[in-house]
Every structure is written in structure tokens, then in C-alpha cells.
Amino acid sequence: MSKPTYKTTWDLESIFKNGSHSAEFKQYLQEIESGINGFKQIVEDWPEHFTLTNSNSLFVTLGKIASITMKIEQAGSFIGCLQAQDTSDAQANLLRSKLTTISTAFSKSMLTFEQRLGEIEQDVWNKLFADLRFNELFYVLNEMRNQTKERLSVDKEQLIQGLSADGYFGWEQLYDLLVAKIQIPFVEGGQRKILSVGQAANKFSDPDRVVRKQLFENWETAWGSQADVFAETLNRLAGFRLNVYEERGWNDPLKEPLALNRMKKETLETMWQVISENKQLLVTYMKRKAEIIGVDKLSWYDVEAPIGKANTEVTYQEGSEFILKQFRQFGPILTGFTKSAFEQQWIEAEDRPGKAPGGFCTSFPESQQSRIFMTFSGTPSNVSTLAHELGHAFHTFAMKDIHPLNCQYAMNVAETASTFAEMIVADAAVKQAKDKEERLALLEDKLQRSVALLMNIHARFLFETTFYEERKQGYVSSERLSELMIEAQKEAYCDSLEGYHPHFWASKLHFFITDVPFYNFPYTFGFLFSLGIYAKALEEGEAFEKQYIALLKDTGSMTVEELAAKHLSVDLTKREFWEKAVMMAVSDVEEFLQLTSK
């Protein structure tokens, strides 16, 4: 029996036909608007004094909220896929603006609804959860109720939401438009090419230092040419947030991201402290890498340079089959799910111009499907990225039978499932290497990931922390932003590099995302948290898969500290867990040093 051939383009037609010109999707948006209008009326007619006799109405209303939330996510995912697959799709950009307006209307009504929950008398609220229909929603309903204590009046919060559509969210959309126009010139084989940012990013792992240097210089020039516009965008986003925080009486810019990630500041501070104290092995690794490529110190464009001359380039088909093979060692549920994702064309991996940079996984909750976006050029890193995004998709799949309101898990635990899947594949690749050269190449790719998550992400966090403090005092110029970026990179990389990336702040989408402020530390949290899960999986083998799925099911209905205590029996506010995790992350350095010893 012949093996199935996996296509490198995704299927969006089965979601909505005819892309950004879909009449079906236009009708779907109208249905969402109608549902929101109905919900708004329910909220306006809410009883002034809620009693237990109103519990049925509340239950029905929660169902409506779940339905609208799922539809908005489905619509947002579709538009996001359209924008990513073709950055010149102007109609998709219009649809994004339309959905932003619709979502804002829903958010405004939700503010009123949550205020109504906050007004319910405490004894009535306590008795409500004796009803099993509400008991499973205990965490999220309490979260909604408690959030009202942190906010301004409903009128003021609704005004903020209304202004956000054309202000706050508008700046993010402007950034997307600007990025779509960025072009990176590149000379290859004597011919001058124009690369999209997505294509150019893949070139940073080219084995030829001359190629990497040329690309980096052109990359810096391209982003630098628009630095003032990007600085304007970043300043307005941060300024909007800080003004809202000030009105609410929030002094710490980390208050919102910590709440969104359902974690304590104590946990975050402990994690970074342990990382900062244990980077020396990574510095040693980078010194050895510099020796290997013949320089005194690595430059920014050398960090992702491959080491080893093994024939590790693979086709998309080979990469997909390798992932499936490794997932089979973990468990049948993950394997069956992944096979289905490949066969049903959930993945857009084709290497072509006009695509957005980076990779992502997005969920279509009504269809109970996901879609994965990336640009596959055959590197080991591409295979790891594909596994990473499949981990995200599996997380969504694992929660398919959970109440929709319990499926809104935070970004830090979202990065746990993805990094766990990536780790299964990366570890297997190293262990199954054909020879020393291939083992070295794959081991080095794994160490690059540790550098990215313990150093690069740390630099992003340090940059944003300092930037927000300076932004409180006024506008921060593009020149100053670049200075702050270099300072953060020097600290995060322990000043181990020869040259840095001053316009990184402009080129990194994560700084411009409005949904989640401080879109950085959750990656590192997820990486280290998943190491704890991975260690347990290695101990217990295939039997662990059911425990793992149980953990994923709980990610939307408790804090990360509670999740870790329940499923891993660890205290995330203490150093012990993080020390063990960081040591696991850098444990490959010793083997790397042995393999590269003269």
C-alpha cells in the first residue's frame, strides 16, 4: 500500500468558499452581528436584583456568549489565514477591519454583562454553584466577576473599547500593512532577487557566512528605512495602554499580561532570576560555535548558523513522516490526530513569495479544526516548527469536549503543548542521527532553541520593560528604541556577541500585537514548563498520554500555579522547578563541547 502524499498548501475552501470574496463568509459575519444584537438586548433587560430563579436565563445567556465567542474566533482565524497566505489581499484587510468593529461591539456588551455578574449578592452567587450546570464554570465565572473590581465604570470601559477599534487595534493593522510592503533585496548566484520577510528570515540559517551577512545588512536597512513609522506605531500602542492603565489605577505594566496569563508575578520573577543565573553554559556553547566558524565572537546573524555538514535538508513529505514516526512513540491519540491534519490539508507550508513571515496555528472552533501556517524550506528548524504548531493544534483538539468558556487558555500554557511536541521531534532527531556530523547538526539546532527561549525572549522582555517605563515619561524615538534594544540584547546574551540587531524591535511582530501585551515571557514559561512535562513523559512512556491530555483539558480553568500543583506536584513560585528545567534546557551543551573538541 502506497504512502499518502501530503500537500504543502492548506484547504480553506472547506471552511468558507471563495476566500476573501466569499458570499458565505459575508453571511456568517451578518449572523455574528445578529447574535451580538440579541445578546446586547438580553444584557439591557437583565433583572435589577438577580436571584436563583433567574439561573435558567443565566445558563442560556452563557450558551449565547459561548456561541458568539466561537463564531468570532472562527471568523478571525479565516481572515488571519487569508492575510497570511497573501499579504497583498486588500479585501482580507477590509474584512479584518469589519470583524474588529463587530468584536468591539461584543466586548462592550460583555463589559456590561460582567458588571451584572459582579452585582450579584455573594450568598446568591455561592448558592449558584450548587447547580451542576454552573459548577464546571466556577473558575471562569469568578474570573469575570472579579475583573469588574479592577475596572472603571462600564460607560468608561465601553468608551475605551469603542475608541480601540479605530485607535488601538488600528495601529496593529497599520503595522501589518507596513510589513507587507517590506522587501529584502538579495543577490544569489549572481542574480538579484527580492525576498519577502518570510523568505528572508529562512536565510539566516544559511551555512555561508557571506550570505548571512549580506542578508542581515539588507534586512537591517529595510526595517531601518521605515523605523520612524514603526516607532510611531509602537509608541501609540504603548501610550494607549498606559493611559488606560493610569485611569484604572494600575501602576505596573505587567499587571494585565500577568492576569491574562493567569500567573503570579512571583512566578515570573523566580523564572527570570533562575535563568539569569544559569546562562553560562549557553555562553560557553556560543564561544565554541564562534571558534568553529572562525570568528572571535558570534554576530547576531551567526546565532542561527548551522554547525555540521550532515545532509539534514528534507522535503516536506519527509519531515511530515518523521514527525509522525516520533509521535507514535508518545501515543496513538497524538499520532492519529497529526495524520489526519496532514491528510485533510490543515497546513500551509509552501515556500513562495507574498506570504507573511513566521508561523502560527489558528483554531476554527465551530468546524473543530485548526490551520497551520509556515514556510517550509527543508531545514531541521522547519521540521521543529511544524511539530511545534501541530502541538498547538493538538491542544485545541484535546479540549474539543470541554465547555467553550473553559477553552480560553492563556498564552503561556498554549506554548506548553507546542514546545512539548517540538521536543519529542527534536530529541528523536538527535538520538537517531546517522553519524557524528548529523548528530552535531541536530544537537546544535536544539541548542539554538534554548538560546532563543532563554536569551532572545529574555532580551524582548527586558526591552519592553524598559521601554514602557520610558514611555510613561513621553515619546520614545526610533533611535532610542534601537539603543534600548541593543542594551537588552547585551544583557540577555551576557554580552557574548560581536554585533547585535538594533532594529529587532521594528521587525518583531510580537511587539505590535494588541491581544496580548508583553507577548514574550509566555514562550519561555511554556518552554520550561513543557520540560517538566517531558521529563514525566520519558519516565512513564505511552501511558502518560492520557495524563497529558487531562492536563491540557485543565489549562483553561485554573491558574498556572494550580495546574502545576495538580498535574506535576510542583510549586512554580519556588526555584527548584525552574532550576531543574533550565538545567534540562542547557544539558546538551556538554555533549556539543565533546563532539566539537579538537
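Rules used in this analysis
Residues numbered from 1 in each chain as written. Predicted model: local features only at pLDDT ≥ 70, side-chain atom pairs only at ≥ 80, totals over all residues. Heavy atoms only, no water. Helix = DSSP H or I, 4+ residues; strand = E, 2+ residues; numbered from the N terminus. Rg over C-alpha atoms; globule rule 2.2 N^0.38 Å. Contact = heavy atoms within 4.5 Å. Areas by Shrake-Rupley, 256 points an atom, 1.4 Å probe, with all protein chains shown as cover. Lys, Arg positive; Asp, Glu negative; His and termini not counted. Charge placed at Lys NZ, Arg CZ, Asp CG, Glu CD. Phe/Tyr/Trp six-rings, centres within 6.5 Å; stacked < 30°, edge-to-face > 60°. Buried < 20%, exposed > 50% of the residue type's maximum accessible area, 1.4 Å probe, protein only. Lys NZ or Arg CZ within 6 Å of the ring centre and 35° of its normal. Expected span 1.5 Å × (residues − 1). Bend = angle between axes of the 7 residues up to and from the residue. Arc of directions from axis to C-beta. Salt bridge = Lys/Arg side-chain N within 4 Å of Asp/Glu carboxyl O. Axes fitted to C-alpha atoms, helices over the stretch in contact; angles between N-to-C directions. Parallel < 35°, antiparallel > 145°, perpendicular 65-115°, else oblique. Left-handed = near helix turned anticlockwise from the far one by under 90°. Pairing = 2+ DSSP bridges. Nonpolar A, V, L, I, M, F, W, Y, C, P; charged D, E, K, R; others polar. Polar contact = N/O pair within 3.5 Å; in protein donor to acceptor, adjacent residues only side chain to side chain.

1. What to know about the overall build of the chain
Next up, step 1: A tally of regular secondary structure across the chain gives 26 helices and five strands.
Next up, step 2: For a compact globule of 598 residues, the expected C-alpha radius of gyration is about 25 Å, and the chain comes in at 24 Å, within 12% of that figure.
Next up, step 3: For the chain, the C-alpha atoms occupy an extent of roughly 80 × 55 × 50 Å along the three principal directions.
Next up, step 4: Of all intrachain contacts in the chain linking residues separated by at least 6 positions in sequence, the fraction that spans at least 24 positions is 77%.
Next up, step 5: If you sum the accessible surface of the chain, you get close to 25800 Å²; carbon and sulfur atoms cover 50% of it.
Next up, step 6: In the chain, 64 side chains carry a positive charge and 83 a negative one; their mean positions are 2 Å apart.

2. Side note on the packing of aromatic side chains
Next up, step 1: This structure, assessed with the given rule, holds 54 aromatic pairs.
Next up, step 2: Consider the rings of Tyr-316 and Phe-342, whose centres lie 6.4 Å apart with planes at 85°: the pair is edge-to-face. Here Phe-342 lies in helix H16 (residues 332-343) and Tyr-316 lies in helix H15 (residues 316-330), a separation of 26 residues in the sequence.
Next up, step 3: Relative accessible area serves as the criterion here: at 6%, Tyr-316 is assigned to the buried category.
Next up, step 4: The buried category is assigned to Phe-342, whose relative accessible area is 2%.
Next up, step 5: Among the aromatic residues, ring-to-ring pairing joins Trp-272, Trp-300, Phe-461, Phe-463, Phe-467, Tyr-468, Tyr-493, Phe-504, Phe-511, Phe-518 and Phe-521 into one connected group.
Next up, step 6: Here Arg-133 stacks its cationic end above the ring of Phe-59, 4.8 Å away from the centre of that ring.
Next up, step 7: One residue, Arg-248, lies across the ring of Trp-250, its end atom 4.8 Å from the ring centre.

3. Remarks on helix H19 (residues 436-471)
Because the α-helix completes a turn every 3.6 residues, residues three or four places apart line up on one side.
Next up, step 1: Between its first and last C-alpha atoms H19 spans 50 Å; for 36 residues at 1.5 Å apiece the expected length is 52 Å, and the two agree.
Next up, step 2: The largest bend in H19 comes to about 35°, at Ala-452.
Next up, step 3: The element H19 is extensively covered by neighbouring structure, given that 28 of its 36 residues are classed as buried.

4. Some remarks on helix H26 (residues 588-595)
Next up, step 1: Of the positions making up H26, those classed as buried are Asp-588, Val-589, Phe-592, Leu-593 and Leu-595. End-on, the buried residues of H26 take up no more than an arc of 165°, which puts them together on one face.
Next up, step 2: Elements in contact with the buried residues of H26: helix H14 (280-293) and H19.

5. Considering the pattern of salt bridges
Next up, step 1: Per the stated rule, a full pass over the model turns up 36 salt bridges.
Next up, step 2: The partner of Arg-575 in a salt bridge is Glu-277, and the shortest N-O contact between them spans 2.7 Å. On the criterion of sequence distance, the pair formed by Arg-575 in helix H25 (residues 575-585) and Glu-277 in helix H13 (residues 265-277) is long-range, its members being 298 residues apart.
Next up, step 3: Classification of Arg-575 by relative accessible area gives partly exposed; the value is 29%.
Next up, step 4: Of the residues examined, Glu-277 reaches a relative accessible area of 46% and is grouped as partly exposed.

6. Observations concerning the packing of helix H3 (residues 90-119) against helix H8 (residues 168-181)
The description of two packed helices rests on the angle between their axes and on the distance between the axes.
Next up, step 1: Packing of H3 against H8 brings their axes to within 11 Å, and their N-to-C directions diverge by 165°. With respect to their mutual orientation, H3 and H8 come out roughly antiparallel. In the crossing of H3 with H8, the sense of the turn from one axis to the other is right-handed. Taken together, the residues of H8 that come into contact with H3 (itself represented by Asn-93, Arg-96, Ser-97, Thr-100 and Thr-104) are Phe-169, Gln-173 and Leu-177.

7. A word on the sheet that holds strand E3 (residues 347-348)
Next up, step 1: Pairing is mixed across the open sheet formed by three strands, whose spatial order is E3-E5-E4. Bordering the open sheet on either side are E3 and strand E4 (360-364), each of which pairs with just one other strand.
Next up, step 2: By the bridge criterion, five bridges tie E4 to strand E5 (residues 369-373) in an arrangement that is antiparallel. Of the residues in E5, the one forming a bridge with Ser-363 is Ser-370.
Next up, step 3: Set on the sheet, helix H2 (residues 55-85) makes contact with E4 and E5; between it and E4 the angle comes to about 145°.
Next up, step 4: Together, E3, E4 and E5 form the strand contacts of helix H17 (residues 380-398), whose direction differs from that of E5 by roughly 160°.

8. Re the packing of H15 against helix H18 (residues 411-431)
Next up, step 1: Where H15 contacts H18, the two axes come as close as 9 Å, and the packing angle between them is 105°. In terms of orientation, H15 and H18 fall into the roughly perpendicular class. In this structure, H15 uses Phe-322, Ile-323, Gln-326, Phe-327 and Phe-330 to contact H18, whose residues at the interface are Phe-420, Ala-421, Ile-424, Val-425, Ala-428 and Ala-429.
Next up, step 2: Its residues assigned to classes, the contact of H15 with H18 shows ten nonpolar, one polar and no charged.

9. Looking at unusual backbone geometry
Most peptide bonds adopt trans geometry, and most residues besides glycine take a negative phi value.
Next up, step 1: The backbone phi angle of Arg-262 is positive, close to 50°, even though this residue is not glycine.
Next up, step 2: Following the sequence through the fold, Arg-262 ends up in the loop between helix H12 (255-260) and H13.

10. Things to note about the side chain of Thr-524
Next up, step 1: Of note, Thr-524 is situated in helix H22 (residues 521-540).
Next up, step 2: Once you skip the residues sitting within four places of it in the chain, Thr-524 turns out to touch Met-271, Trp-272, Ile-275, Leu-453, Leu-454 and Ile-457.

11. So, the pairing of strand E2 (residues 191-195)
Next up, step 1: Pairing between strand E1 (residues 184-188) and E2: five bridges, direction antiparallel. Counted as the bridge partner of Pro-185 is Ile-194 from E2.
Next up, step 2: Where E1 hands over to E2, the hairpin turn is made up of two residues, of which Gly-189 adopts a positive phi near 60°.

12. Structural notes on the side chain of Gln-173
Next up, step 1: Tracing the sequence through the fold places Gln-173 in helix H8.
Next up, step 2: Residue Gln-173 is classed as buried on the basis of its relative accessible area of 19%.
Next up, step 3: Among the polar contacts made by the side chain of Gln-173, one reaches the side chain of Thr-100 at a distance of 3.0 Å.
Next up, step 4: Once you skip the residues sitting within four places of it in the chain, Gln-173 turns out to touch Arg-96, Ser-97 and Thr-100.

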